[in-house]
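# A structural walkthrough
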Amino acid sequence: GELSQRGAADARAKRLRLADPKALRLPPVTCVAAGDAKDGSFPNVVTCHRGERVARVWSLAERRLADHCLTQPHWGGRGRDDPGQVARRDSATACDLSACGNFALIGHEDGYVRKYNVQSGEARGTYPASLEAARRVAD
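Remember, predicted model here, so these are calculated numbers, not experimental data. (Residues numbered from 1 in each chain as written. Predicted model: local features only at pLDDT ≥ 70, side-chain atom pairs only at ≥ 80, totals over all residues. Heavy atoms only, no water.)

### Thoughts on the nonpolar core
With 17 residues, the main nonpolar core has Val46, Leu70, Cys95, Ala104 and Ile106 as its most contacted residues. Looking at this core, the elements that each hand over two or more residues are β1 (29-34), β2 (45-49), β3 (55-59), β4 (64-70), β5 (92-97) and β6 (103-108). Setting aside anything within four residues of it in sequence, one finds Ile106 in contact with Val46, Cys48, Ala55, Leu70, Ala92, Ala94, Cys95, Tyr112, Val113, Arg114 and Tyr116. (Core = buried A, V, L, I, M, F, W, Y, C linked by side-chain atoms within 4.5 Å. Buried < 20%, exposed > 50% of the residue type's maximum accessible area, 1.4 Å probe, protein only. Helix = DSSP H or I, 4+ residues; strand = E, 2+ residues; numbered from the N terminus. Contact = heavy atoms within 4.5 Å.)

Here's what the structure looks like:
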């Protein structure tokens, strides 16, 4: 089946009286990961989108975007990054799901991999804890 924003974006644009529903659509996908460990229980697909540091979770069983996205608490907000902002240095560039389906790992341009609970969207850790620590280990 197809995962699409079209129907939801079109309906929401109509409710908001927007002339162009494309304004509500996400940027193109740059990375996608899917798992079948929790199919139907909660979201089981994660996507990264061009120029955004947040990642999105989808339910394959329901063929829709989940109500939450994967973001850090200190970033503020829960949705799309400010498109007027200069080019990000921490955009999400890679994603994967744990074998158990409970966690998503999101790699960012800033060198960090961030771990999230897929069901709740809550941040669960950052690897490495600091880039300085990683450099010390590498030396």
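### Points about the pairing of β2
For β2, a buried count of 5 out of 5 residues is recorded, marking the element as mostly surrounded by other parts of the structure. Note that β1 and β2 share 5 bridges and pair antiparallel. Across the sheet, Val32 pairs through a bridge with Thr47, a residue of β2. As consecutive antiparallel partners, β2 and β3 are separated by 5 residues, and within that stretch Gly51 has a phi angle of approximately 80°, a positive value. (Pairing = 2+ DSSP bridges.)

### Some thoughts on unusual backbone geometry
Residue Tyr127 is joined to Pro128 through a cis peptide bond whose omega torsion reads -10°. With respect to the secondary-structure elements, Pro128 resides in the loop between β8 (123-127) and α2 (131-138). Notably, Arg63 is not glycine yet its phi reads approximately 55°, a positive angle. Within the secondary structure, Arg63 is located in the loop between β3 and β4. The class of Arg63 is partly exposed, set by a relative accessible area of 48%.

### Description of the pattern of salt bridges
Per the counting criterion, the structure on display carries 6 salt bridges. Taking the shortest distance from any N to any O, the salt bridge between Asp90 and Arg53 comes out at 3.5 Å. Linking Asp90 in the loop between β4 and β5 with Arg53 in the loop between β2 and β3, this pair joins segments that are 37 residues apart in sequence. Take Asp90 and Arg53: they sit in the same class, and that class is buried. A salt bridge links Arg124 to Glu122, with the shortest nitrogen-to-oxygen separation between them at 3.4 Å. On the accessibility criterion, Arg124 (43% relative accessible area) is partly exposed. The class for Glu122 is partly exposed, based on a relative accessible area of 44%. (Salt bridge = Lys/Arg side-chain N within 4 Å of Asp/Glu carboxyl O.)

### Quick word on the sheet that holds β8
Here 4 strands make up an open sheet; going across it, the order is β5-β6-β7-β8 and the pairing antiparallel. In the strand order of this sheet, the two ends are held by β5 and β8, each with one partner. When the angles between neighbouring strand axes are averaged without regard to direction, this sheet yields 20°. Direction of pairing for β5 relative to β6: antiparallel, over a ladder of 5 bridges. The residue bridging Ala92 from the neighbouring strand is His108, located in β6. (Axes fitted to C-alpha atoms, helices over the stretch in contact; angles between N-to-C directions.)

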